[in-house]
Amino acid sequence: MTDYLLILISTVLVNNFVLVQFLGLCPFMGVSNKLETAMGMSLATTFVLTLSSICSYLVYEYLLLPLDISYLRTISFILVIAVVVQFTEMVVHKTSPLLYRMLGIFLPLITTNCAVLGVALLNINKQNNFLESAFYGFGAALGFALALILFSAMRERIAVADVPSPFKGAAIGMITAGLMSLGFLGFTGLVQI
Amino acid sequence: MDPILIAVLVLLAGALVFGALLGYASIRFKVEGNPIVDQIDALLPQTQCGQCSYPGCRPYAEAIANGEAINKCPPGGENTISALAALLDVEALPLDAEHGEEQSKSVAYIREEECIGCTKCIQACPVDAILGAAKQMHTVISAECTGCDLCVEPCPVDCIDMIPIATSLATWAWSRPQPGVQLIATDRGRHLAIQQHRERHDQQQADAAGTDADRGESA
């Protein structure tokens, strides 16, 4: 049990995928203008990350390893991720048309979110078992959601603040992200896995 | 068996299985129509007046869902625009003057003694709120009338008036805050204030120096 807790803390805080490992920066900058959209995106990404982490583990363990074709892991993981994202898109379109409209192009773009493929490949590298990979994917998604929601809440405040004109828009966003990244570096050494 | 053949077959089989899964999901989670159009349509005033240059409220709702501007509805006015802006998460714009101005809600009234029974207003009415037949006097069902004034133009004897609905206890409401008022505290104007203060200060000092010099000369 402690192991799973440690995995969660490690992925959410210490090795945060966005702010420490710099994976998945595209949606981090792209969907963080509004808090509500950021929450929707976090939910969708959490769903995709956890599911694709589990699915890719199953594909690797029960399909690629027994047939001795583990060199095909990258392309088969991309296939798995694309399917999971397509499925999520259909579910979101059916259940929440407004969220679907707000997320727009970023929903199908979860496919190219490098954190998703990164988690699947890191699971293999770390030789996680089934539950561990599920927790690893879930923790990575929680970390992504935490960073994205914090960042979008800050950007909403910055939007009404009196920012000097050369720093308006994306520039102040980049600086804020850099400062957040520095802040998260403070967790280094808290847990080591 | 050839390892390359195995690899190709496995990928092919995987793609087929996933494709079948997605095919099933697309049938299971099929979206009927466009639900967002219904939500926009519910916010529009349903006058069917066509002032937005679309034939009715529903077509305009469909156009908004496809990215049309939300400020083309004069009967709805500022309230409709802000409600649409909140729904679609976009900036609320002032009403587009090209499509007419916001007017108080009114209702059509036919002066019945002048009506010649030509049925032209009945054909023009988008909501079937005018009752009558050929060579018979017409009248407006005021509960159904949306106040779109589309029937005023075709009337050959000009016997239709638009009567504004008087504000009653049931319909009165506080007016909305005027746009342009700062609702959030900000120090945006601070630099300007400091600059003005400094200029005034300099001016006063210059004036004082000037009067001193004058005095020195006279003495």
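Residues numbered from 1 in each chain as written. Chains lettered and ligands numbered in written order. Predicted model: local features only at pLDDT ≥ 70, side-chain atom pairs only at ≥ 80, totals over all residues.

**Focus: the overall build of chain A**
- A count of helices and strands for chain A gives 8 helices and 0 strands.
- Listing each helix as α and each strand as β along chain A from the N terminus yields α-α-α-α-α-α-α-α.
- Looking at chain A residue by residue over its 193 residues, the buried ones come to 40%.
- Partitioning the intrachain contacts of chain A with sequence separation of at least 6 by distance along the chain shows that 80% fall at a separation of at least 24. (Helix = DSSP H or I, 4+ residues; strand = E, 2+ residues; numbered from the N terminus. Buried ≥ 20, exposed ≤ 12 C-beta atoms within 10 Å, placed from the backbone. Contact = placed C-beta atoms within 7 Å.)

**Points about the overall build of chain B**
- For chain B, the helix and strand inventory stands at 6 helices and 4 strands.
- Counting from the amino terminus, chain B carries its helices and strands in the arrangement α-α-α-α-β-α-β-β-β-α.
- Scored against the burial criterion, the 219 residues of chain B give a buried share of 16%.

**What to know about the interface of chain B and chain A**
- Listed per partner, the contact involves 20 residues of chain B and 20 residues of chain A.
- Contributions of two or more residues to the side of chain B that touches chain A are made by helix H1 (3-28) and helix H2 (35-43) of chain B.
- With 11 residues, H1(B) is the largest single contributor of residues to the side of chain B that touches chain A.
- Taken together, the residues of the side of chain B that touches chain A sort by class into 14 nonpolar, 3 polar and 3 charged. (Nonpolar A, V, L, I, M, F, W, Y, C, P; charged D, E, K, R; others polar.)

**Concerning H1(B)**
- End to end, H1(B) covers 37 Å across 26 residues, agreeing with the expected 38 Å (1.5 Å per residue, within 8%).
- Here H1(B) lies mainly on the outside; 0 of its 26 residues are buried. (Expected span 1.5 Å × (residues − 1).)

**Thoughts on the confidence of the model for chain B**
- On average, chain B scores 81 in pLDDT, and the residues at 70 or more come to 87%.
- As a predicted assembly, this complex carries a pTM of 0.62 together with an ipTM value of 0.73. (pLDDT = per-residue confidence, 0-100.)

**Describing the nonpolar core**
- If you look at the biggest cluster of nonpolar residues, it comprises 52 residues, and the most contacted ones within it are Val116(A) and Phe144(A).
- The set of elements that each furnish at least two residues to this core consists of helix H1 (2-14), helix H3 (35-64), helix H4 (73-95), helix H5 (97-103), helix H6 (114-125), helix H7 (130-160) and helix H8 (170-185) of chain A.
- If one sorts the elements of this core by residue count, H3(A) sits on top with 12 residues.
- Excluding residues within four positions of it along the chain, Phe144(A) makes contact with Phe17(A), Val18(A), Gly24(A), Ser42(A), Thr45(A) and Ala115(A).
- Counting 12 residues, the second largest nonpolar core, distinct from the first, contains Leu44(B), Cys57(B), Tyr60(B) and Ile70(B). (Core = buried A, V, L, I, M, F, W, Y, C linked by C-beta atoms within 7 Å.)

**What to know about the packing of H3(A) against H4(A)**
Residue and element names in this part refer to chain A.
- One way to put it is that H3 packs onto H4 with a least axis distance of 9 Å and a crossing angle of 145°. Note that H3 runs across H4; the crossing there is right-handed. Here H3 contributes Ala44, Phe47, Val48, Leu51, Ser52, Cys55, Ser56, Val59, Tyr60 and Leu64 to the contact with H4, which in turn contributes Arg73, Ser76, Phe77, Val80, Ile81, Val84, Val85, Thr88 and Val92.
- Looking at the contact of H3 with H4 residue by residue, the class counts come to 14 nonpolar, 4 polar and 1 charged. (Axes fitted to C-alpha atoms, helices over the stretch in contact; angles between N-to-C directions. Left-handed = near helix turned anticlockwise from the far one by under 90°.)

**Describing unusual backbone geometry**
- Unusually for a residue other than glycine, Asp68(A) sits at a positive phi of about 60°.
- Along the chain, Asp68(A) falls in the loop between H3 and H4.
- C-beta crowding within 10 Å serves as the criterion here: with 10 such atoms nearby, Asp68(A) is assigned to the exposed category.
- In this model, Ser53(B) sits at a positive phi of 75°, which is unusual for a non-glycine residue.
- Summarising the element assignment, Ser53(B) is placed in the loop between H2 and helix H3 (57-65).

**Considering the packing of H2(B) against H3(B)**
All names here are of chain B.
- Where H2 contacts H3, the axes come no closer than 8 Å and their chain directions differ by 125°. One element, H2, and the other, H3, form an angle in the oblique class. You can see that H2 and H3 cross each other, and the crossing is right-handed. Within the contact between the two elements, H2 uses Ile36, Val37, Ile40 and Asp41 and H3 uses Cys57, Arg58, Ala61, Glu62, Ile64 and Ala65. (Parallel < 35°, antiparallel > 145°, perpendicular 65-115°, else oblique.)

**Things to note about the confidence of the model for chain A**
- Within chain A, residue pLDDT values average 88, and 98% of them lie at 70 or more.
- Within chain A, the element-level pLDDT minimum falls on H5(A), averaging 77, and the maximum on H7(A), averaging 92.

**Examining the environment of Leu98(A)**
- Relative to the assigned elements, Leu98(A) resides in helix H5.
- Spatially, the C-alpha atom of Leu98(A) lies 9.9 Å from that of Thr37(A), the residues being 61 residues apart in sequence.

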